[in-house]
Amino acid sequence: MAKLLIEGGNRLRGKVNISGFKNAALAIIPATILTGSVCVVENLPVIQDVIVYQDILKKLGGEASLSDSGTMVIDTSKIQACNLPNGLTKKLRASYYLLGAGLGRFKEVTISYPGGCDIGLRPIDQHVKGLEALGAVFEVNDGLIKVSAEKLIGNKIYLDVVSVGATINIMMAAVFAEGKTVIENAAKEPHVVDTANFLNAMGANIRGAGTDVIRITGVQELHGGTYSVIPDQVEAGTYMIASAVTKGDLIINNIIPKHLEPVTAKLKEMGMSIEEYGDSLRVHYEKELVPVNIKTLPYPGFPTDLQQPMTVLLSTVKGESIVIESIFENRFRYIEELHKMGANIKVEGRVAAISGIEKLKSAEVKATDLRAGAALVVACLAAEGVSTVHDIYHIDRGYEFIENKFMNLGAKIRRVEDDEENSAEMIR
Ligand code: EPZ
């Protein structure tokens, strides 16, 4: 297994290009199943989760080839059924999209229970509620989910919790449902909009994505085509926060600044200078930062996926901050690792009370999940001395070329195998 060696304390400077959005990619790739045709999906991040989805399509009988530059040519015309009981779906959370896409096209799906980051219970009751309202029948036994429908008929669905996954899954199944489907209290995240835009580009009739009411009118068929995925606002936010924590000066390129407003607003409130230029942002440190309070919320609130790097930043800012995690009940596990680096954070339930310290110190830490892993990298970039981040396979699921991108910004960071000697010299 690989690990990252990081010598912290360098100000990051320069330009970084943001990759395509993982969470949009992981919805759009399965959505191609609905088209039963050839789709060219561009601007995909070349990350482990995308590669796993490529394998899933192939296992189902489709064709999928991914270029180094992130273009996947997908042909789903030969897929005859959506049955994958062999556990491949446990490798990632977004395999739940096979339920909506497979049901839409084949009216029947069997998959093993989805996996993904261990950040809470992550029930799928809202997915089930929505798909049942369209006429589906579920059977869950021994970790297998079977869902089928004689036919899908449009309906009005009110989501009890704002769920990205449930919104997208229902939207996918409803593409071929007879008549109109209305999703109320829908998620408004940019990847919901991107998936709707992809499906509309292939012939679907989805209106209102990006608001809390989405209306889908069923169509008879979709066609193939070319589509480019939006930039990854979570990756972009991670680099923005890395600029703040290292007192740096970064230009973040290939982004949609609107998607980053919750992060931009908080960093500005803390005292960072941020300038916007069309599809890029300059994020630079000019003066001592002040503490702020954060509560994670569905979009356009502060994203739960950036709670972890933001907590790292606040742990280095003099004064008291409060972070409330309101989306996932178990997303503070990485704080134990931050304690090893000297952070002064007390966690009680979903609340983290932070007392900022002057400087984090180097340590051996372990990524507990994807975003926690990225946050620990950010912490190590700020810490004095050489740190090691273990279990970086979590990070590889979602961040493209993370060490190369940070290296180009002046960071001292190197990927080594676990059995290689752990030496500060290796990263100089
Ligand atoms: C998506 O997860 C993302 N994953 C997550 O990113 C992201 O943190 C999350 O949305 C919130 O933005 C993917 O897109 C693959 P939800 P998802 O359904 O769809 C509760 C990352 O690191 N809920 O919006 O699983 C749920 O427990 C990952 O990139 C129900 O109660 O999130 C949570 O508290 C981690 N019942 C809240 O809703 C349901 O049926 C929001 O979950 C569904 C969800």
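All figures in this text were calculated on a predicted structure; none of them were measured in a lab.

Cut-offs used in this document
Residues numbered from 1 in each chain as written. Predicted model: local features only at pLDDT ≥ 70, side-chain atom pairs only at ≥ 80, totals over all residues. Heavy atoms only, no water. Domains from an automatic or database assignment. Contact = heavy atoms within 4.5 Å. Buried area = accessible area lost by both parts, 1.4 Å probe. Salt bridge = Lys/Arg side-chain N within 4 Å of Asp/Glu carboxyl O. Nonpolar A, V, L, I, M, F, W, Y, C, P; charged D, E, K, R; others polar. Near = heavy atom within 4 Å. Polar contact = N/O pair within 3.5 Å; in protein donor to acceptor, adjacent residues only side chain to side chain. Areas by Shrake-Rupley, 256 points an atom, 1.4 Å probe, with all protein chains shown as cover. 1 Å grid on protein atoms, 1.4 Å probe; cavity = no way out; pocket = protein on both sides within 12 Å on 5 of 7 lines; lining within 4 Å. Sits in = over half its atoms within 2 Å of the grid points. Helix = DSSP H or I, 4+ residues; strand = E, 2+ residues; numbered from the N terminus. Buried < 20%, exposed > 50% of the residue type's maximum accessible area, 1.4 Å probe, protein only. Axes fitted to C-alpha atoms, helices over the stretch in contact; angles between N-to-C directions. Parallel < 35°, antiparallel > 145°, perpendicular 65-115°, else oblique. Left-handed = near helix turned anticlockwise from the far one by under 90°. Core = buried A, V, L, I, M, F, W, Y, C linked by side-chain atoms within 4.5 Å.

Asks: Please explain the domain arrangement of the protein as it appears in this structure.
Replies: According to the domain assignment, the protein contains domain 1 (2–19 + 231–427) and domain 2 (22–228). Computed from C-alpha coordinates alone, the two centres of domain 1 and domain 2 are separated by 30 Å. Of the residues lining the interface, 23 residues belong to domain 1; the matching set on domain 2 comes to 23 residues. Approximately 1900 Å² of surface area, both sides summed, lies buried where domain 1 meets domain 2, with 53% of it carried by carbon and sulfur atoms. Contact with domain 2 buries area across many residues of domain 1, yet Tyr-299, Arg-397 and Glu-400 alone supply 34% of it, more than any other trio. In this assembly, domain 1 and domain 2 are joined by two salt bridges. Of the charged contacts, one joins Arg-333 and Asp-118 as a salt bridge, the two residues approaching to 3.6 Å between their closest N and O atoms. Counted by class, the side of domain 1 that touches domain 2 contains seven nonpolar, six polar and 10 charged residues.

Asks: Please clarify how the site of the ligand should be interpreted in this entry.
Replies: By nearness alone, 24 residues border the ligand, and Tyr-96, Ser-163, Asp-305, Ile-327 and Arg-371 come closest of all. Contact distances for the ligand include 2.8 Å between a nitrogen atom and a side-chain N or O atom of Asp-125. Between the ligand and Ser-163, the relevant distance is 2.6 Å, taken from an oxygen atom to a side-chain nitrogen or oxygen of the residue. Contact with the protein chains hides 90% of the accessible area of the ligand, taken as 820 Å² for the molecule alone. The cavity where the ligand resides is the largest pocket. Listing elements by their share of the shell around the ligand, those giving two or more residues are helix H1 (22–35), helix H4 (125–133), helix H5 (164–174) and helix H11 (370–382).

Asks: What exactly am I supposed to notice about the environment of Met-202 here?
Replies: Note on placement: Met-202 falls in the loop between helix H6 (190–201) and strand E12 (205–207). For Met-202 and Asp-55, which are 147 residues apart along the polypeptide, the C-alpha to C-alpha distance reads 23 Å. Here Met-202 is in contact with Thr-35, Cys-39, Leu-222, His-223, Gly-224, Gly-225, Thr-226 and Tyr-227, once residues within four sequence places are set aside.

Asks: It is not clear to me how the pattern of salt bridges should be interpreted in this structure. Could you clarify?
Replies: Two side chains carrying opposite charge are able to pair once their charged atoms lie near each other. Under the definition given, this model contains 17 salt bridges. Residue Lys-258 pairs with Glu-261 through a salt bridge whose shortest N-O separation is 3.2 Å. Since its relative accessible area comes to 42%, Glu-261 is described here as partly exposed. The network of salt bridges with common partners includes Asp-249, Glu-275 and Arg-282.

Asks: Would you explain the packing of H1 against H6 in this entry?
Replies: Each packed pair of helices is defined by two parameters, the angle between the axes and the distance between the axes. Two elements in contact, H1 and H6, have axes separated by 9 Å at closest approach and are oriented at 25 degrees. For the element pair H1 / H6, the angle class is roughly parallel. Here H1 runs over H6; the crossing is right-handed. Contact residues: H1 offers Asn-23, Ala-24, Ala-27, Ile-28, Ala-31, Thr-32, Leu-34 and Thr-35, while H6 offers His-191, Asp-194, Thr-195, Phe-198 and Leu-199. Of the residues that constitute the contact of H1 with H6, the class distribution is seven nonpolar, five polar and one charged.

Asks: Would you take a moment to explain the nonpolar core for this structure?
Replies: Where a protein is soluble and globular, its nonpolar side chains tend to be buried together. Counting 150 residues, the largest nonpolar core has Leu-199, Ile-252, Leu-267, Leu-313, Val-389 and Phe-406 as the members making the most contacts within it. It is H11 that contributes the most residues to this core, 11 residues altogether. Residues from two domains meet in this core; each of domain 1 (2–19 + 231–427) and domain 2 (22–228) gives at least three. Excluding residues within four positions of it along the chain, Phe-406 makes contact with Leu-12, Tyr-239, Ala-242, Val-377, Leu-381, Ala-411 and Ile-413.

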